[in-house]
Amino acid sequence: GTTCVLVSFPFVFSPCLACREGTPQWAAFIYYLPFIVIFQFGWAATQVSHLALIPELVSSDHEKVELTAFRYAFTVMANITVYALTWLFWEPLLTLHTSWMMLTPLSAQNLALIVVGLGAVFSLIFHLGTKEKPYPPGTLPQAEESTPLLRKEPPSPLVLLCLCPSQVAVLYMCTRLIVNLSQTYIAMYLTNSLQLSKKYIATIPLVMYVSGFLSSLLMKPVNKWIGRNLTYFVGILVVLAFASWVALARPVGAEIYGAAVLLGAGSATILVTSLSMTADLIGTNTHSGAFVYGAMSFTDKVANGLAVMVIQNLHPCPTELCCVACVGFYRWVMVLVTGGIAVSAIVTLCCIMVWPIRVRYRE
């Protein structure tokens with residue numbers, strides 16, 4: 001997966017090598033399509049296998065939360081690094097032009113090469129420094145048609161999982177919908193609904209990332225103190241507070257930064273907790289970890305794609321970028337993709353808390 005990303009990502013942000021001034025768009029599309037497909041495959045392979053390592057490396061529930069929180073924290077650090085690098089390329093252009101859209105193709109290409117180079121260095125450190133559990137020869141039998149997917153384990157109360165796969169999948173899907181859609185439409189909400197200057201497109205996501213980073217550092221002690229379900233519930237309440245603020249008021253000035261802190265902290269809390277719940281679902285069956293994370297990722301990708309299609313089909317200005325009607329449209333999009341989906345997540349969480357489904361072992 002890492003290799004696929006390294007060989008494809010620079011080409012996505014580089015000019016078409018075979019294109020000329022009169023080259024039709026469909027030809028450029030065909031040129032970029034293979035690189036995008038290879039990148040998406042590599043990114044998915046890297047993400048799923050990296051997540052599957054968490055239950056493989058540790059067995060304690062609190063250690064799983066800690067690794068998941070560290071993973072999210074370093075993801076935020078990577079995002080902030082990209083922001084800083086982008087500003088280094090962008091700032092000299094801003095001194096010469098008043099437009100925020102003056103990032104040249106050469107600057108984008110150089111930025112992509114630097115990002116890939118940094119990623120390659122840290123990926124090398126990861127592959128050299130992280131060791132999987134050694135399995136002595138003969139301990140893992142070859143799977144056959146009659147081999148059960150789940151290993152038989154003694155019916156001890158310590159190994160019973162109070163989790164239902166479908167409930168955890170729905171909870172993870174709702175979490176990803178909140179996180180991804182809010183990040184997708186926050187820029188349109190800031191510029192079209194609140195009519196703020198374009199500098200907020202950079203500063204507000206940065207504030208969200210920083211608040212999410214700080215929240216992720218608290219995940220382990222908070223999970224130890226109140227447990228998984230209540231930690232997720234607290235995070236979803238913070239997201240609902242953001243949605244209520246957007247629905248009932250029009251945050252302007254410094255207030256928008258307070259709303260961004262709420263959204264960033266709430267999103268980080270529910271994302272880390274839902275991933276930890278998925279690790280709990282895997283339990284000791286670490287050989288199926290990649291499949292579980294892959295299945296969860298598949299549900300969230302399909303749901304995000306459908307949600308974006310529905311939102312875009314409801315856009316009141318199909319023939320132009322924005323009109324008078326889209327001022328209120330993006331406001332209610334932010335309310336529904338945070339508050340509306342948060343309500344669905346709470347219902348699913350209640351199902352997990354009230355009607356836990358245990359894995360039953362039979363003779």
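What you are looking at is a predicted structure, and each value in this text was computed from that prediction instead of being measured.

What counts and what doesn't
- Residues numbered from 1 in each chain as written.
- Predicted model: local features only at pLDDT ≥ 70, side-chain atom pairs only at ≥ 80, totals over all residues.
- Heavy atoms only, no water.
- Helix = DSSP H or I, 4+ residues; strand = E, 2+ residues; numbered from the N terminus.
- Buried < 20%, exposed > 50% of the residue type's maximum accessible area, 1.4 Å probe, protein only.
- Contact = heavy atoms within 4.5 Å.
- Areas by Shrake-Rupley, 256 points an atom, 1.4 Å probe, with all protein chains shown as cover.
- Salt bridge = Lys/Arg side-chain N within 4 Å of Asp/Glu carboxyl O.
- Phe/Tyr/Trp six-rings, centres within 6.5 Å; stacked < 30°, edge-to-face > 60°.
- UniProt positions renumbered as here; feature names shortened; annotations may be inferred.
- Disulfide = S-S within 2.5 Å.
- Patch = residues over 30% accessible without salt bridge, like charges linked within 9 Å, V, L, I, M, F, W, Y side chains within 5 Å.
- Expected span 1.5 Å × (residues − 1).
- Bend = angle between axes of the 7 residues up to and from the residue.
- Axes fitted to C-alpha atoms, helices over the stretch in contact; angles between N-to-C directions.
- Parallel < 35°, antiparallel > 145°, perpendicular 65-115°, else oblique.
- Left-handed = near helix turned anticlockwise from the far one by under 90°.
- Nonpolar A, V, L, I, M, F, W, Y, C, P; charged D, E, K, R; others polar.

Caption draft 1: The arrangement of the overall build of the chain in detail. When helices and strands are counted, the chain shows eleven helices and zero strands. If you list the helices and strands of the chain from N to C, you get α-α-α-α-α-α-α-α-α-α-α. Each of the 363 residues in the chain was classed as buried or not, and the buried ones make up 38%. The contacts of the chain with a sequence gap of at least 6 include a subset with a gap of at least 24, amounting to 80%. Surface accessibility of the chain: about 20400 Å² in total, with carbon and sulfur atoms responsible for 71%.

Caption draft 2: The pattern of salt bridges, seen in detail. Scanning the entire structure with this criterion turns up two salt bridges. Residue Glu66 is joined to Lys220 by a salt bridge in which the shortest nitrogen-to-oxygen separation is 3.0 Å. Taken together, the positions of Glu66 in helix 3 (residues 61-96) and Lys220 in helix 7 (residues 219-226) put the pair 154 residues apart, joining distant regions of the chain.

Caption draft 3: Structural context of the packing of aromatic side chains. Enumeration over the complete set of coordinates arrives at nine aromatic pairs. Their ring planes at 70 degrees and their centres at 6.0 Å tell us that Tyr83 and Tyr209 sit as a pair that is edge-to-face. Separated by 126 residues along the polypeptide, Tyr83 in helix 3 and Tyr209 in helix 6 (residues 200-216) bring together distant segments of the chain. Tyr83 gets classed as partly exposed once you look at its relative accessible area, which sits at 27%. Both rings, one in Tyr200 and one in Tyr257, keep their centres 5.9 Å apart while their planes meet at 40 degrees; by these two values the pair is tilted. Separated by 57 residues along the polypeptide, Tyr200 in helix 6 and Tyr257 in helix 9 (residues 255-282) bring together distant segments of the chain. Residue classification places Tyr257 among the partly exposed residues on the basis of a relative accessible area of 28%. An aromatic cluster of three or more residues is present, and its members are Phe11, Tyr31, Tyr32 and Phe35.

Caption draft 4: Here's a closer look at the UniProt feature "signal peptide" (unreviewed entry) in the chain. UniProt records the feature "signal peptide" (unreviewed entry) at residues 1-18, using the numbering of this structure. When the span residues 1-18 is considered, its composition is 61% helix and 0% strand, and the gap between its end C-alpha atoms is 27 Å.

Caption draft 5: Quick look at the UniProt feature "transmembrane region" (unreviewed entry) in the chain. If you check UniProt for "transmembrane region" (unreviewed entry), the listed places come out as residues 28-48, 69-90, 110-129, 158-179, 199-218, 230-250, 256-278 and 332-355 in our numbering. In residues 28-48, the share of helix is 100% and the share of strand is 0%. The end C-alpha atoms are 30 Å apart. Structurally, residues 199-218 comprises 85% helix and 0% strand, and the distance from its first C-alpha atom to its last is 30 Å.

Caption draft 6: The state of the cysteines, seen in detail. Counted by the stated rule, this structure contains zero disulfides. Between Cys351, a cysteine without a disulfide, and Cys350, which holds the nearest cysteine sulfur, the sulfur-to-sulfur distance is 7.1 Å.

Caption draft 7: Examining unusual backbone geometry more closely. With a phi close to 55 degrees, Gln195 is a non-glycine residue in the positive phi region. Structurally, Gln195 can be placed in the loop between helix 5 (165-193) and helix 6.

Caption draft 8: Highlighting a nonpolar patch on the surface. The grouping of Phe70, Phe74, Met77, Leu206, Val210, Leu214 and Leu217 at the surface amounts to a nonpolar patch, some 620 Å² of accessible area in total. Looking at the nonpolar patch, the elements with two or more residues in it are helix 3 and helix 6. In this structure Phe74 comes out as exposed when scored by relative accessible area, which is 54%.

Caption draft 9: View of the environment of Tyr189. Within the secondary structure layout, Tyr189 lies in helix 5. Between the C-alpha atoms of Tyr189 and Ile201, which are twelve residues apart in sequence, the distance is 9.7 Å. When sequence neighbours within four positions are dropped, the list of residues in contact with Tyr189 reads Leu194, Val246, Pro251, Ile256, Tyr330, Arg331 and Met334.

Caption draft 10: Region of the structure containing helix 11 (residues 325-354). Under the 1.5 Å per step criterion, the end-to-end length of helix 11 is 43 Å for 30 residues, consistent within 8% with the ideal 44 Å. Of all the bends in helix 11, the greatest measures close to 30 degrees and is centred on Leu336.

Caption draft 11: Spotlight on the packing of helix 6 against helix 9. Relative orientation of the contacting elements helix 6 and helix 9 amounts to 45 degrees, with a least axis distance of 7 Å. Classified by the angle their axes make, helix 6 and helix 9 are oblique. In this structure, helix 6 meets helix 9 at a crossing whose hand is right-handed. Counting all contacts with helix 6, which are made through Tyr200, Thr203, Ile204, Val207, Met208, Ser211, Gly212 and Ser215, the residues of helix 9 involved are Ile256, Tyr257, Ala260, Val261, Leu263, Gly264, Ala265, Ala268 and Thr269. Along the lines of polarity and charge, the residues of the contact of helix 6 with helix 9 split into eleven nonpolar, six polar and no charged.

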